[in-house]
Amino acid sequence: MRVRRVFFQTSFIQVSYISQDCEEIPEFLGRKYGHMAKRLDLSFNLLRLPSLHLFFIFWGTSFLLQGFLSFEQDLCMTVKMPDLRMMSVEGLKTFSYLEELILDNNLLGNDLLLPRLPYLHTLTLNKNQITELESLLDHLAEVVPSLQYLSLLGNVACPNELVCKEKDEDDYQRYRYFVLHKLTNLKFLDTRKVTRREREEALVRGAFMKVVKPKDAKASGEAASLSPEMNYTPLPSGSRDLTNHRGILGKCRYIYYGKHSEGNRFIRDDQL
């Protein structure tokens, strides 16, 4: 049986719940420490977006749930589903005074939704499964307005050599400009302090640093197979028929003497 290990300091209330393989924030953490915790570390867990599981109980009727419902009796009902994207981090609602949040080495993805944390100034999401950058930044700008430190290293959304060998320093610098364009209050991004030059450059060109991903090769291949085959030729339509020959006969006033030929530079007059 796994023993729960919770460490905290009384001077600056720091709650650490590390390597517990939890898929959502335990309720007891918020109940005991939510009202006083300033720093929360949930690294090396299994926080993720839960899959959709529906459980229905009906009386006096039978049904089949597999993409559709088949009823023996007519039944009209309304099912209100919670926002499942919020469930894994729903426990953060009770940490209303949180200033630092560590979510490194989890399984959080693009649909991450954080509750509003007005005092949060430090957020680290290193080594998760985040691939889309713009939607995440828009969400953070809304729910954590005081954010000054952000780290996204180890995610596909953060292009560097740690994630992909094909990325270089230029790719990473463009990423920094785009992040600073979206989150103007940042003072520290990943492992480097935000410089004045970066902030000025982000103000001017940051909006144009968004990386546009190409369409899926498989999808584009399917689309190409559906399109009618067309062989391009620069020739006019009348000349495509091999039996339809056309020619032009006329006189030209220009006579070519070969004076300007590049080959003549290597021929002496006595060799002509």
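Everything discussed here concerns the structure shown above.
This is a predicted model, so every value here is computed, not measured.

A. Structural context of the packing of aromatic side chains. Considering all chains together, one arrives at four aromatic pairs under this definition. Considering the side-chain rings of Tyr17 and Phe28, the 6.0 Å spacing of their centres and the 75° angle between planes classify their relative orientation as edge-to-face. With a gap of eleven residues between them, Tyr17 in the loop between strand 1 (14-16) and helix 1 (27-33) and Phe28 in helix 1 connect regions that are remote in the sequence. Among the residues examined, Tyr17 registers a relative accessible area of 5% and is labelled buried. Accessibility expressed as a relative area gives 11% for Phe28, which makes it buried. Arranged with centres 5.3 Å apart and planes meeting at 25°, the rings of Tyr149 and Phe188 form a pair that is stacked. Residue Tyr149 is located in strand 5 (residues 149-151), and its partner Phe188 is located in strand 6 (residues 188-189); the two are separated by 39 residues in the primary sequence. Its relative accessible area of 25% is what places Tyr149 among the partly exposed residues.

B. Quick look at the nonpolar core. Residues Leu29, Leu123, Leu125, Leu140, Leu150 and Val179 are the most contacted members of the largest nonpolar core, which totals 50 residues. Contributing elements (two or more residues each) for this core: helix 1, helix 2 (133-143) and helix 3 (169-182). Of all the elements, helix 3 adds the most residues to this core, at six residues. The residues touching Leu123, leaving out its near neighbours within four places in the chain, are Leu101, Leu114, Leu140, Leu147, Tyr149, Leu150 and Ser151.

C. Quick peek at the packing of helix 2 against helix 3. Taken N-terminus to C-terminus, the directions of helix 2 and helix 3 make an angle of 30°; their axes are 9 Å apart at the nearest point. The angle between helix 2 and helix 3 falls in the class roughly parallel. The handedness of the crossing between helix 2 and helix 3 is right-handed. For the pair helix 2 and helix 3, the contacting residues are Leu133, Glu134, Leu137, Asp138 and Ala141 in the first and Tyr175, Phe178, Val179 and Lys182 in the second. When grouped by side-chain class, the residues that make up the contact of helix 2 with helix 3 number six nonpolar, no polar and three charged.

D. Inspection of the pattern of salt bridges at higher detail. Under the counting rule described, the total for this entry stands at ten salt bridges. Its salt-bridge partner being Arg176, residue Glu198 comes within 2.8 Å of it at the nearest N-O pair. Of the two residues, Glu198 is situated in helix 4 (residues 196-205) and Arg176 in helix 3; the sequence distance between them amounts to 22 residues. For the pair formed by Glu198 and Arg176, the shared burial category is buried.

E. Expanded view of the side chain of Asn128. Among the secondary structure elements, Asn128 is positioned in the loop between strand 4 (122-124) and helix 2. Here the side chain of Asn128 touches Asn106 through a polar contact of 3.3 Å, landing on its backbone nitrogen. At 3.3 Å, the side chain of Asn128 forms a polar contact with the backbone oxygen of Asn126. Leaving out residues up to four positions away in the same chain, Asn128 has contacts with Leu103, Asp104, Asn105, Asn106, Leu107, Leu108, Gly154 and Asn155.

Thresholds applied
- Residues numbered from 1 in each chain as written.
- Predicted model: local features only at pLDDT ≥ 70, side-chain atom pairs only at ≥ 80, totals over all residues.
- Heavy atoms only, no water.
- Phe/Tyr/Trp six-rings, centres within 6.5 Å; stacked < 30°, edge-to-face > 60°.
- Helix = DSSP H or I, 4+ residues; strand = E, 2+ residues; numbered from the N terminus.
- Buried < 20%, exposed > 50% of the residue type's maximum accessible area, 1.4 Å probe, protein only.
- Core = buried A, V, L, I, M, F, W, Y, C linked by side-chain atoms within 4.5 Å.
- Contact = heavy atoms within 4.5 Å.
- Axes fitted to C-alpha atoms, helices over the stretch in contact; angles between N-to-C directions.
- Parallel < 35°, antiparallel > 145°, perpendicular 65-115°, else oblique.
- Left-handed = near helix turned anticlockwise from the far one by under 90°.
- Nonpolar A, V, L, I, M, F, W, Y, C, P; charged D, E, K, R; others polar.
- Salt bridge = Lys/Arg side-chain N within 4 Å of Asp/Glu carboxyl O.
- Polar contact = N/O pair within 3.5 Å; in protein donor to acceptor, adjacent residues only side chain to side chain.

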